[in-house]
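Summary of structural features
Okay, here's what each chain looks like letter by letter:
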Amino acid sequence: QVQLVESGGGLVHAGDSLRLSCAASGRTKSSFSMGWFRQAPGKEREFVAAITATGAHTHYPDSVKGRFAISLDDDKNTVYLQVDPLEPEDTAVYYCAADLVPYGSSYLPNYWGQGTQVTVSS
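Summary of the structure given here. Since the structure is predicted, the reported quantities are computational estimates derived from the model, not experimental observations.

Another aspect to go through is the side chain of Thr-91. Among the secondary structure elements, Thr-91 is positioned in the loop between strand E8 (78-83) and strand E9 (92-103). A polar contact of 3.1 Å, which involves the side chain of Thr-91, links it to the backbone oxygen of Pro-88. Looking at Thr-91, its side chain comes within polar contact range of the main-chain nitrogen of Val-120, at 2.9 Å. Leave out the neighbours within four places in its chain, and Thr-91 touches Ala-40, Pro-41, Gln-117, Val-118, Thr-119 and Val-120.

The next point concerns the packing of aromatic side chains. Evaluation of the coordinates by the stated rule reveals 5 aromatic pairs. Through pairs of rings, three or more aromatic residues link up here, namely Phe-37, Phe-47, Tyr-95, Tyr-107 and Trp-112. In this arrangement the basic side chain of Arg-45 is found over the ring face of Tyr-95, its NZ or CZ atom lying 3.7 Å from the centre. The ring centre of Trp-112 lies 4.8 Å from the NZ or CZ of Arg-45, which sits over that ring.

About the thresholds
Residues numbered from 1 in each chain as written. Predicted model: local features only at pLDDT ≥ 70, side-chain atom pairs only at ≥ 80, totals over all residues. Heavy atoms only, no water. Helix = DSSP H or I, 4+ residues; strand = E, 2+ residues; numbered from the N terminus. Polar contact = N/O pair within 3.5 Å; in protein donor to acceptor, adjacent residues only side chain to side chain. Contact = heavy atoms within 4.5 Å. Phe/Tyr/Trp six-rings, centres within 6.5 Å; stacked < 30°, edge-to-face > 60°. Lys NZ or Arg CZ within 6 Å of the ring centre and 35° of its normal.

Written out as structure tokens, the structure is:
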């Protein structure tokens, strides 16, 4: 079983930066691709960032390119999402995901975290 635990969310201000963390545990976790999704009020859950298991490649949708950055720590068991600068439209619950299967322009993760709330004030 793979377990994912997000942290770092909270109330922040537009124009600031934010870094979310996701700690992974479980068998074969270091061999999984990792990613982040978000669900804003009144909207569907959307893909925002992905990284390969080795950290060699990243992928972002056009909607967040230039502001979002995903990275892995050295042991590959923690994935980060940095947002700079924040916009009010970034307000959402952010979900960590693992073992992403490509599907169209997005992915179908096999594992999900429980989410962390990010609220961006204008």
